[in-house]
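Structural features, examined
Residues per chain, in single letters:
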Amino acid sequence: MQNRIHNFSAGPAVLPEEVLQEIQEEMISYRGHGLSVMEMSHRSKVYQGIIDDACDDVNEILSLGNEYEVLFLQGGASTQFYMIPLNLCADDKVANYVNTGAWATKALKEAEKIGKKIHIAASSKDKDFTYIPKEFSISENAAYVHITTNNTIRGTEYKIDPDTNGIPLIADMSSNIMSKPIDIKKYALIYAGAQKNIGPAGTTLVIIRKDMIDKINPGLPTMMDYNTHIDKGSMFNTPPCFAIYVTGKVIRWILNKGGLKAMAEINREKADYIYNILDNSDFYRGTVVKEDRSLMNIPFRLPSEELEKKFIAETMEMNMLNLKGHRSVGGCRASLYNSQPMKAVQDLAQFMLDFEKKNK
Ligand SMILES: Cc1ncc(COP(=O)(O)O)c(C=O)c1O
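Residues numbered from 1 in each chain as written. Predicted model: local features only at pLDDT ≥ 70, side-chain atom pairs only at ≥ 80, totals over all residues. Heavy atoms only, no water.

Regarding the site of the ligand
Put simply, the rule is: The rule for a residue being near a molecule or strand is that one of its heavy atoms must lie within 4 Å of it. The Shrake-Rupley method, run with a 1.4 Å probe, gives the accessible areas here. Residue values count only the displayed protein chains as cover. A cavity here means a set of 1 Å grid points, computed over protein atoms only, where a 1.4 Å probe fits but cannot escape. A pocket is an open set with protein on both sides within 12 Å along at least 5 of 7 lines, and lining residues have an atom within 4 Å of a point. Occupancy of a cavity or pocket is assigned to a molecule whenever over half of its atoms lie within 2 Å of that pocket's grid points. Strands here are runs of E lasting at least two residues and helices are runs of H or I lasting at least four, both read from the DSSP assignment and numbered beginning at the N terminus.
For the ligand, the set of nearby residues contains 13 residues, the closest of which are S78, T152, D172, Q195 and K196. Considered on its own, the ligand offers 390 Å² of accessible surface; in the complex 85% of this is hidden by protein. Here the ligand is seated within the largest pocket. With four residues, the top contributor of residues to the shell around the ligand is helix 3 (residues 76–88).

Details of the nonpolar core
This is how the line gets drawn: Residues belong to a common nonpolar core when they are buried Ala, Val, Leu, Ile, Met, Phe, Trp, Tyr or Cys residues joined through side-chain atoms within 4.5 Å. Each residue's exposure class comes from its accessible area (1.4 Å probe, protein chains only) as a fraction of the maximum for that residue type: buried when under 20%, exposed when over 50%, partly exposed otherwise. Any two residues whose heavy atoms approach within 4.5 Å are treated as being in contact.
Membership of the largest hydrophobic core comes to 50 residues, with the highest contact counts inside it found for Y47, V58, F72, M178, L205 and I254. With nine residues, helix 6 (residues 241–256) is the single largest residue contributor to this core. Sequence-distant contacts of L205, defined by excluding residues within four places in its chain, comprise V58, V70, L71, F72, I177, M178, I190, Y191, A192 and I198.

Some details on helix 1 (residues 17–27)
Basically, it comes down to this: Relevant arc is that of directions from the helix axis to the C-beta atoms, nothing else.
All of the buried residues in helix 1 are V19, I23 and E26. Considered in projection along helix 1, the buried side chains sweep an arc of 70° and stay on one side of the axis. Turned more than 90 degrees away from the buried face of helix 1 sit Q24 and E25, all of them exposed. Each element contacted by the buried residues of helix 1 is listed here: helix 6.

Considerations on the pairing of strand 2 (residues 68–73)
Rules: Note on pairing: DSSP must find at least two bridges between two strands before they are called paired.
Within strand 2, five of the six residues are buried, which leaves the element mostly enclosed by the surrounding structure. Of the pairings in the sheet, the one linking strand 2 to strand 10 (residues 204–209) comprises six bridges and is antiparallel in character. Within strand 10, the residue paired with L71 across the bridge is V206.

Some words on the pattern of salt bridges
Applied cut-off: Salt bridges are defined by distance alone: a side-chain nitrogen of Lys or Arg within 4 Å of a carboxyl oxygen of Asp or Glu.
Under the counting rule described, the total for this entry stands at 21 salt bridges. The shortest N-O distance in the salt bridge between E18 and K257 comes to 3.6 Å. Taken as a pair, E18 in helix 1 and K257 in the loop between helix 6 and helix 7 (259–279) lie far apart in primary sequence, 239 residues in all. Judged by its relative accessible area of 39%, E18 is partly exposed.

Here we look at the packing of helix 7 against helix 9 (residues 342–359)
To keep it simple, the criterion reads: For every element, the axis is a line fit to its C-alpha atoms; helices are fit only across the contacting stretch, and the angle between N-to-C directions ranges from 0 to 180 degrees. Orientation labels follow simple angle bins: below 35 degrees gives roughly parallel, above 145 gives roughly antiparallel, 65 to 115 gives roughly perpendicular, and whatever is left gives oblique. Only Asp, Glu, Lys and Arg are considered charged, only Ala, Val, Leu, Ile, Met, Phe, Trp, Tyr, Cys and Pro nonpolar, and every remaining residue, Gly among them, polar.
Put simply, helix 7 and helix 9 touch, their axes get as near as 10 Å, and they point 5° apart. Here helix 9 runs roughly parallel to helix 7, going by the angle between their axes. Residue-level inspection shows I266, E269, K270, Y273, I274, I277 and L278 of helix 7 in contact with helix 9, the latter providing M342, V345, Q346, L348, A349, M352 and L353. Residues of the contact of helix 7 with helix 9, tallied by class, amount to 11 nonpolar, one polar and two charged.

Considering the domain arrangement of the chain
Which entries qualify depends on this criterion: What fixes the domain bounds is an automatic or database domain assignment.
Each assigned domain of the chain is listed here: domain 1 (26–256) and domain 2 (259–359). Measuring from the centre of the C-alpha atoms in domain 1 to the corresponding centre in domain 2 gives 27 Å. In this complex, domain 1 contributes 27 residues to the contact, which on the side of domain 2 involves 24 residues. Here domain 1 is connected to domain 2 by two salt bridges. Here K134 and E291 are joined by a salt bridge, their closest N and O atoms 3.5 Å apart.

A few points about helix 9
Where we set the bar: One less than the residue count of a helix, multiplied by 1.5 Å, gives the span that helix is expected to have.
Taking 1.5 Å of rise per residue, 18 residues should cover 26 Å, and helix 9 covers 26 Å from first to last C-alpha, within 8% of that figure. Restricting attention to buried positions, one finds in helix 9 the residues A344, V345, L348, A349, F351, M352, F355, E356 and N359. Take helix 9 and look down its axis: the buried residues cluster within an arc of 165°, on one side only. Along helix 9, the residues that are exposed and aim more than 90 degrees away from the buried face are K357 and K358. Turning to helix 9, the residues buried within the fold contact strand 1 (6–7), helix 7, strand 12 (297–301), helix 8 (305–317), strand 13 (320–321) and strand 14 (332–335).

What follows is the structure, given as structure tokens:
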């Protein structure tokens, strides 16, 4: 076994070692077929089996039943910022957004850019995005309400699946998808870049409730139209074959670990290691309100920027990488996605305690 670092990156992020090993075994000749998945025609039976299995596993893990379409698209979650209003907000409708940080702001700006009427249904900008707003004021004639269920930069997370009184709820779940059970019926559309919780960069999972398909605006550019990808099973053009293959394996890995309930318990246990330190320290400081803090991304500050620099430098010497906070907010951030091993979190917690003792 080769030595691996502890990787606290916000994304692309750590993948399960078991999955990497399986990929390694299948790299030169996928299951005896004599070629790797990267070299395979996406029109082959073997590849069709791979993408079908990935879709089935998404269906199983989220209990989608017959009501949703599962798509693996390209262009990242950022392309969904544009595709959602383009497809699902008619000209006489209003796109509602909850603004909980940089990603939510980017999403609503894309709707504005293409001339859609938007309404901010709630915002936590007044307190520098350090909390999740609990109430909405949804506009008249709303096309949908868009939320960001986990705010990767600020470290806040919805703890409930909000109620929008029948208005379609759309969620950017890029940084907490499949990290816990959700009430899927509440959501009209979910999307997530794979590269945090469920795979490598290169594919974006989009799950769309079938009743939304009738609402898709007519006459859209082919690649921007959800209908194109639904009709062709995510294979209108060459899909990101390898990224979908790896994502399928990570989702299978989550299922084999006991599914979303088991993930939620492990994720809670991992996050508690770090939050307990923040709560019992006058050296480290969490940056968001307690009730809304994320189990996935934990930002924290030290008493000074000098100490933060020293902390980052020393963690790197200990082979703990990517603990620097996002450049827009500074400080430190530990990302503890599904695939983050418990041992990495325990080692980080121990390091934090030792560092505090030495530098207080
Ligand atoms: C919550 C959230 N939404 C969207 C994005 C953008 O994703 P992508 O890089 O796949 O476009 C990110 C990336 O970090 C994110 O954290």
